[in-house]
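# Inside the fold
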Amino acid sequence: MENQTEVREFIFLGLTSVRSLQCYLFTLFLLLYMASVLGNGATVVVILAEPRLHTPMYFFLGNLSSLDIFFSTVTVPKMLAGFLSGHQTISFTSCLAQLHFFHFLGSSEAMLLAVMAYDRYVAICNPLRYTLVMSPQACLLLAGVTWATGFLHALMHTVMTSRLHFCGPNRIHHFFCDIKPLLSLARSSTYLNLSLLNTVTGIIAVSPFIITLLSYLYIISFLFLKVRSRESRRKAFSTCTSHLTVIALYYGTVIFAYTHPSSESSKEEEMIITLVYSVITPALNPLIYTLRNSEVKYATRKFITRKLFPERN
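From a predicted model like this one, the values you see are computed outputs, not experimental measurements. (Residues numbered from 1 in each chain as written. Predicted model: local features only at pLDDT ≥ 70, side-chain atom pairs only at ≥ 80, totals over all residues. Heavy atoms only, no water.)

### Structural notes on the packing of helix α3 (residues 92-125) against helix α7 (residues 191-226)
Axes are the key here: two packed helices are described by the angle between their axes and the distance separating the axes. Short version of the rule: Here the axes come from fitting lines to C-alpha atoms, over the contacting stretch only for helices, and the angles between their N-to-C directions go from 0 to 180 degrees. Here a strand is any run of E in DSSP of at least two residues, a helix any run of H or I of at least four, and the numbering for each starts at the N terminus. An angle below 35 degrees is read as roughly parallel, one above 145 as roughly antiparallel, one from 65 to 115 as roughly perpendicular, and any other as oblique. Whether a crossing is left-handed or right-handed is set by the direction in which the near helix is turned from the far one by less than a right angle, anticlockwise for left-handed and clockwise for right-handed. Contacts are assigned to residue pairs with any non-hydrogen atoms lying within 4.5 Å of each other. Note that Gly is not counted as nonpolar here; it falls among the polar residues with everything else outside the nonpolar set of Ala, Val, Leu, Ile, Met, Phe, Trp, Tyr, Cys and Pro and the charged set of Asp, Glu, Lys and Arg.
Two elements in contact, α3 and α7, have axes separated by 9 Å at closest approach and are oriented at 15°. With respect to α7, the element α3 is oriented roughly parallel. Note on packing geometry: the crossing formed by α3 with α7 is left-handed. Judged by residue contacts, S107, A110, M111, L113, A114, A117, Y118, R120, Y121, I124 and C125 of α3 engage I204, P208, I211, T212, S215, Y216, Y218, I219, F222 and L223 from α7. A per-class count over the contact of α3 with α7 returns 17 nonpolar, three polar and one charged.

Written out as structure tokens, the structure reads:
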């Protein structure tokens, strides 16, 4: 092992090697990336600018939008550059950095969605205690723990992956440096890495999902058992539909991607699933929250009107 040359760079096989198709994919993912950055960026700006949106619900939505901008930026620009050049390479150090930030932001988003579900549970089931439970200090603490836990989780995988020996093939059957494709290229034991991936990452993905599920079970039972007014139920559900849509898109694909056993025939399938939650979902999230949330739509219209026609204010 010591006499063999360590790999200094990796080559992404990417989504396709067909040049004409790469041009089409470049346009498609460029538009998706622009939609993600502009849409989520606009959401953050509107939440910061509009006082009526300075509530726990929109504080966490601003965190989600920020995560989505960074999340798509970890993989998409590198993939776009590869489509243009036709040759997708990445250094070993950059590969580890990409792996770290992808799992840092991805696991933080999973936990943040659970925090947002808990926020809806408190708002609907315990409205009188909402301002006390979800105080500014509590919101900052929850957001801080979410980001810190995601960072430490990703750091664990980064350190463990950096200790492996890569001295054989350097072609990654993926469009970015994910853990499973990298482990398949290692020339040392990956048993501990796979164990951590299956246990710790499984806990990071499944635990927030369970918290989210329990929160909404409590919400649904509360609304049907204790709320008599249909209008009150409708208003309560309207504050949850956007979040539930995002959860379905995110958790469904993530859990399948990291619990599905790897095989040669499933690699293309895994790439498509990863594209959904790392590229497509961040681009759709602003539309989901804007189209389904009357407060965000009103605040956005007000913000645009104030910027375009300042003399009316």
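What follows picks up the thread again.
### A word on the nonpolar core
Stated formally: In this text, buried Ala, Val, Leu, Ile, Met, Phe, Trp, Tyr and Cys residues form a nonpolar core when linked through side-chain atoms within 4.5 Å. Only protein chains enter the accessibility calculation, which uses a 1.4 Å probe; a residue whose area is less than 20% of its type maximum is buried, one above 50% is exposed, and one in between is partly exposed.
Counting 59 residues, the largest nonpolar core has F29, L61, L113 and M116 as the members making the most contacts within it. Elements with a minimum of two residues in this core: α1 (19-49), α2 (56-85), α3, α5 (136-162), α7, α9 (241-259), α10 (267-292) and α11 (294-308). With residues up to four places along the chain from it excluded, the contact list for L113 reads L64, T212, H243, V246, I247, Y250 and Y251.

### Details of the state of the cysteines
Worth spelling out the cut-off: Two cysteine sulfurs form a disulfide in these notes if their separation is within 2.5 Å.
The full count for this structure, using the stated rule, is one disulfide. There is a disulfide in this structure between C95 and C177, and the S-S distance comes to 1.9 Å. Judged by the sign of its S-S torsion, about -120°, the bond between C95 and C177 is left-handed. Of this pair, C95 sits in helix α3 while C177 is found in the loop between β3 (171-172) and α6 (179-183), placing the two residues 82 residues apart along the sequence. For the pair formed by C95 and C177, the shared burial category is buried. Here C167 stays free of any disulfide, with the sulfur of C95 as its closest cysteine sulfur at 15 Å. As a non-bridged cysteine, C240 has C125 as the owner of its nearest cysteine sulfur, 9.0 Å distant.

### Overview of the UniProt feature "transmembrane region" (unreviewed entry) in the protein
Test applied: UniProt positions are given in the numbering used here, feature names are shortened, and annotations may be inferred rather than shown by experiment.
UniProt annotation of "transmembrane region" (unreviewed entry) refers to residues 24-48, 60-80, 100-118, 138-156, 200-225, 237-259 and 271-291 when read in the numbering used here. As a span, residues 138-156 carries 100% helix and 0% strand, and end to end its C-alpha atoms are 27 Å apart. In residues 200-225, the share of helix is 100% and the share of strand is 0%. The end C-alpha atoms are 37 Å apart.

### Some remarks on the pattern of salt bridges
For clarity, the threshold we go by: Salt bridge, as applied in this entry: a Lys or Arg side-chain nitrogen positioned within 4 Å of an Asp or Glu carboxyl oxygen.
Applying the stated rule across the entire model yields one salt bridge. D119 is the salt-bridge partner of R120, the closest N and O atoms lying 3.0 Å from each other. Pair check on accessibility: R120 and D119 agree, each one buried.

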